[in-house]
Amino acid sequence: MKQICLFSSALAFLTSAVLVQRHNRVLLGRNSTNLCSSQYPCCSEYGFCGDGFYCLGGCNPLASNTLDSCNPSPMCENANYTLSDTSRILSNYTYFNGNASEYDWVVEQGSIINTTSDGEAAIAVLLTETGGGTLLSSTRYVHYGQITARLKTGRWAGVVTAFITMSSIKDEIDWEFPGNQTTTGQTNYFWQGVIPAQTAGVTETGLTDTYSNWHDFTIDWQPDSLTFLVDGNVTRTITAVQTTNNATGVVQFPNTPSRIQLSIWPAGISTEPRGTVQWAGGMINWNDPDYVSAGHFYALFQSVSVQCNDPTTPSASDTSYVYGTNSSMDTPSVAFSNASTINGSPALIGVSVSAMSMWLGVSAALALGGLVL
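Residues numbered from 1 in each chain as written. Predicted model: local features only at pLDDT ≥ 70, side-chain atom pairs only at ≥ 80, totals over all residues. Heavy atoms only, no water.

Looking at an unreviewed UniProt entry, the protein chain carries the name Glycoside hydrolase family 16 protein, with the source organism given as Suillus subaureus.

Encoded structure:
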């Protein structure tokens, strides 16, 4: 049985979905007694120790056996991804070997299909009662830059559409769209998975129907600021200085290389906390005519554009990001590297669907008072 690397016991992982996602970095830090063993050195994004695939996207260096147990992370490249070109999307992420030149995206959970809406080719990410939601992750990381996703959300109570960035140590930036609230969106950010005493989530109002209309949602993430935009119009800006913890003096601002993640997930189900269900608009109606007709709920993603803005300029030979010794007790160092991001041989790892679904279902639980047990 594989070791669980984010908790002191398996029971804690199985009984607390919220803590899986928002685990306090005191336990994730290098002084943790729960680091992965040398036999299974890598702490996967789902909190299990292993080797091979566990050492790829989302592998947490702070909970792994050593800081360099995880494979180097593929470096950011400026790109415009047309998602209807599914030749660049690997539908079974357990076969990914770390080669970001071969695939731009991996499906970590669920299913996607090609579709067309208002004359624009797109993919639909699907949610079903038996299969759960869908999570699509970029194979490359972004270490600051501007990321824009063109999308249409769902419109059903309990169903959440999300466009976020997530780092290997749980820095996170969110655009999320809960339930049937199709004229609003919600923005949020987290630093190293720490749950703030007061939520940083904000509801952005005045949007035209996000189910019926295409919108361009942007995360403009710079070393000293974070700006959210809709169709090129700024809705919110946070400066890094504003995130300073007054008690500790630590700037709690997302600052580590992150993957882009697109998803739809079921918040309105009986296994979610009551507050999450309420936040998402209530329980999912599996008898909804849309669901009965199509056999699934869905959200549409047409494209993603990335403009990189690394804090320093990489050399021509650099291909990846690596973590180094903590420059302080609060933030590890990040450097460029020319080390390969590719595993010797990909392996099926058998992470359960329930574990991945749990991960999908937590990202917004704290967005705006969602954590009410």
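That shown, we press on.
### Quick word on the pairing of strand β19 (residues 297-308)
Cut-off, in case you're wondering: When DSSP finds two or more bridges between two strands, those strands count as paired. Helix and strand assignments follow DSSP, with helices taken as H or I runs no shorter than four residues and strands as E runs no shorter than two, numbered in order from the N terminus.
Two elements, strand β4 (residues 79-82) and β19, share four bridges in a ladder whose sense is antiparallel. Note that in β19 the partner of A79 across the bridge is V306. Pairing geometry for strand β8 (residues 120-127) and β19, over five bridges, is antiparallel. In the sheet register, V125 faces β19, and the bridge partner there is A299. As judged from the eight bridges shared by strand β10 (residues 145-152) and β19, these two strands associate in the antiparallel manner. When the bridges of β19 are listed, L151 appears paired with F301.

### Looking at the environment of D318
For clarity, the threshold we go by: Should any heavy atoms of two residues lie within 4.5 Å, those residues are counted as being in contact. We call two N or O atoms a polar contact when they sit within 3.5 Å, provided that within protein one can donate a hydrogen and the other can accept it, with sequence-adjacent residues counted only if both atoms are side-chain atoms.
Checked against the element boundaries, D318 lands in the loop between β19 and β20 (320-326). The contact partners of D318, leaving out residues within four places of it in the chain, are M75, F336, S337 and N338. A distance of 2.8 Å separates a polar side-chain atom of D318 from the backbone nitrogen of S315.

### Section: the sheet that holds strand β6 (residues 105-109)
Ordered by their spatial adjacency, eight strands build an open sheet running β5-β6-β9-β18-β11-β12-β13-β14, and the pairing between neighbours is mixed. Every other strand in the sheet has two partners, leaving β5 (89-90) and β14 (202-204) as the edge strands with one partner each.

### Observations regarding the confidence of the model for the protein chain
Test applied: Confidence scores labelled pLDDT are given residue by residue by the predictor and lie between 0 and 100.
Overall, the predicted model of the protein chain reaches an average pLDDT of 86, with 83% of residues at or above 70. Note on residues 7-29: pLDDT is under 50 here. Beyond four places in sequence and across chains, it has 61 contacts. Predicted confidence is poor over residues 345-373, with pLDDT under 50, and the contacts of this stretch with residues over four places away or in other chains come to 88 contacts.

### Some details on the packing of aromatic side chains
Where we set the bar: Here is the rule: rings of Phe, Tyr and Trp (six-membered ring for Trp) pair when centre to centre is within 6.5 Å. Planes less than 30 degrees apart are stacked, more than 60 are edge-to-face, and the remainder are tilted. Buried residues are those whose accessible area, probed at 1.4 Å on protein chains only, stays under 20% of the maximum for their type, while exposed residues exceed 50% and partly exposed ones sit between those limits.
Applying the stated criterion to the full structure yields 16 aromatic pairs. Ring plane angle 65° and centroid distance 5.4 Å describe the contact between W156 and Y298, whose orientation is recorded as edge-to-face. One end of the pair, W156, is in the loop between β10 and β11 (159-167); the other, Y298, is in strand β19, and 142 residues separate them in sequence. In this structure W156 comes out as buried when scored by relative accessible area, which is 4%. A centroid spacing of 5.8 Å and a plane angle of 90° characterise the contact between W175 and F228, whose relative ring orientation is edge-to-face. You can see W175 sitting in strand β12 (residues 172-178) and its partner F228 sitting in strand β16 (residues 225-230), a full 53 residues away along the chain. The pair formed by W175 and F228 is uniform in burial state, with each residue classed as buried.

### Regarding the nonpolar core
Across soluble globular proteins, nonpolar side chains have a tendency to be buried as a group. To be explicit about the condition: The criterion is simple. A nonpolar core is a set of buried Ala, Val, Leu, Ile, Met, Phe, Trp, Tyr and Cys residues joined through side-chain atoms within 4.5 Å.
Within the largest apolar cluster, 49 residues are counted, with the highest numbers of intra-cluster contacts made by W105, F163, L226, I260, L262 and V304. Per element, the largest residue contribution to this core is five residues, and it comes from β19. In terms of nonpolar packing, the next biggest core, distinct from the first, is built from 15 residues, Y46, L90, Y93 and V106 among them.

### Digging into unusual backbone geometry
As a rule of thumb, non-glycine residues mostly have phi less than zero, and peptide bonds are mostly trans rather than cis. Phi at K170 is positive, roughly 75°, even though this residue is not glycine. According to the relative accessible area criterion, K170 is buried, its value standing at 5%. Here the phi dihedral of D231 falls at roughly 50°; this positive angle occurs in a residue that is not glycine. Structurally, D231 is set in the loop between β16 and β17 (233-239).

### Structural notes on the state of the cysteines
The cut-off we apply is this: Disulfides are defined as pairs of cysteine sulfur atoms found within 2.5 Å of each other.
A full pass over the atoms with the stated rule returns five disulfides. A disulfide bridge connects C36 with C49, and the sulfur atoms are separated by 2.1 Å. Given an S-S torsion of about -85°, the disulfide between C36 and C49 has left-handed geometry. Placement of the pair is C36 in the loop between α3 (25-28) and β1 (42-43) and C49 in strand β2 (residues 49-50), with a sequence separation of 13 residues. Assessed through its relative accessible area of 0%, C49 is described here as buried. The disulfide bridge from C59 ends at C70, spanning 2.0 Å between sulfur atoms. Residues C59 and C70 are joined through a disulfide that is left-handed, its torsion about the S-S bond being -70°. Here C70 lies in the loop between β2 and β3 (73-74) and C59 lies in the loop between β2 and β3, a separation of eleven residues in the sequence. The class for C59 is buried, based on a relative accessible area of 3%.

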